[in-house]
Each structure stands twice: as structure tokens, then as C-alpha cells.
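A look at the structure
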Amino acid sequence: MTENSRYATEWLTIPDLVELLDEPLGKVRRLIDENYLVGSRRDGVFKVPAVFVVDGRPLPSLRGTIIVLHDAGFDPDETIDWLLTPEETIGLAPIEALLAGRKSEVRRVAATLA
């Protein structure tokens, strides 16, 4: 998979998230621990794709999708890659489908990956 085929997004560090979400560090870490957001080390720094945050909050449909992917055995890197990479059965990157309100379809496809 090439970087170019992936959904383009900025990457947010923990301090970026504290500022963007206007939440204390502990709350931001909890959002990650409780699967409201998912991130991984990129260039040695823990980062979260900016597209996972909409209007200053984690995308609501993201949490259940992350849980389905984790249940399918995906680690955080694989979860992020799957969300940002165009998925043949959906016709676009799963994150784009989630942003368009197609949560059920995305989770149905994610559930078949186990």
C-alpha cells in the first residue's frame, strides 16, 4: 500500500489534542484508552489522525468501529491503516464513509475481517 492511496490527514500529538479538544491531559489519555480515539507512534511521537476529530470532539461513530477492529485482532497501527485506506467493498476509505454517516456499513465490513 502506498502513502498516496491513503486518505490524507494531518497528525495530532497529545499536546495538540489537549488544545484542540480543550480537555486536560488525563481526559485526552482516557479518550484514547477507552477507544474514542486511536493513535500510534509516527516518527517516534504518539499521534492521532486529525480526521478522527470533528468539531472539537472525537468522531462519534469512531469508537464502536475501533472496538470492532480490535475484536478482529487489529492493533492500533492496523486500525488506523484500515480506516484511512480505500476499502473495495465500501468504495472509499472507511473514515470517509464514517464521516458521511455510513457507520453500519463500515462496521459490517470491519466485522468480516476477523
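Quick note: structure is the one above.
Throughout this description, residue numbers start from 1 for each chain and increase along the sequence as written. Side-chain atom pairs in this predicted model are given and counted only at pLDDT of 80 or more, local residue features only at pLDDT of at least 70, and totals for whole chains, interfaces and linings cover all residues. To get the side-chain values, all heavy atoms of the structure are used, and hydrogens and water are removed first.

Overview of the pattern of salt bridges
Two side chains carrying opposite charge are able to pair once their charged atoms lie near each other. Heads up, the rule is: Salt bridge, as used here, is a side-chain nitrogen of Lys or Arg placed within 4 Å of a carboxyl oxygen of Asp or Glu. Numbering goes from the N terminus for both helices and strands, where a helix is a DSSP run of H or I of at least four residues and a strand is a run of E of at least two. Buried, partly exposed and exposed residues are distinguished by accessible area as a fraction of the type maximum, computed with a 1.4 Å probe on protein chains only: under 20%, between the cut-offs, and over 50%, respectively.
Scanning the model with the defined rule gives four salt bridges in all. The partner of R6 in a salt bridge is D81, with the nearest N and O atoms 2.9 Å apart. Of this pair, R6 sits in the segment before β1 (11–13) while D81 sits in helix α4 (residues 76–84), placing them 75 residues apart in sequence. E23 is the salt-bridge partner of R57, the closest N and O atoms lying 3.1 Å from each other. Taken together, the positions of R57 in strand β5 (residues 57–58) and E23 in the loop between α1 (14–21) and α2 (25–33) put the pair 34 residues apart, joining distant regions of the chain. When its relative accessible area of 36% is taken as the criterion, R57 is described as partly exposed. Overall, the relative accessible area of 21% leaves E23 in the partly exposed class.

Observations regarding the sheet that holds strand β2 (residues 40–42)
As a reminder, the rule being used: Strand pairing is defined by DSSP finding a minimum of two bridges between the two strands. Geometry is summarised by axes, namely lines fitted to C-alpha atoms with helices restricted to the contacting stretch, and by angles between N-to-C directions that run from 0 to 180 degrees. Contacts: residue pairs with any heavy atoms within 4.5 Å of one another.
Taken together, the three strands give an open sheet; going across it, the order is β1-β3-β2, and neighbouring strands pair in antiparallel fashion. At either end of the open sheet lies a strand with only one pairing partner, and these are β1 and β2. Direction aside, neighbouring strands of the sheet carry axes that sit 60° apart on average. Bridging between β2 and strand β3 (residues 45–49) involves three bridges; their strand directions are antiparallel. Residue pairing in the sheet places R41 in a bridge with F46 of β3. In this fold α1 packs onto β1 and β3, with an angle of close to 95° to the strand it touches most, β1. Along the sheet, α4 makes contact with β1, β2 and β3, crossing β2 at roughly 80°.

Some points on the packing of α1 against α2
Our working rule: Here roughly perpendicular refers to angles of 65 to 115 degrees, roughly parallel to angles under 35, roughly antiparallel to angles over 145, and oblique to all remaining angles. For this classification, Asp, Glu, Lys and Arg are treated as charged, while Ala, Val, Leu, Ile, Met, Phe, Trp, Tyr, Cys and Pro are nonpolar and the rest, including Gly, are polar.
Running from N to C, α1 and α2 point in directions that differ by 105°, and their axes come no closer than 9 Å. It follows that α1 is roughly perpendicular to α2 by the angle criterion. Mapping the contact onto sequence places I14, L17, V18 and L21 in α1 and L25, V28, R29, L31 and I32 in α2. Tallied by class, residues from the contact of α1 with α2 come to eight nonpolar, no polar and one charged.

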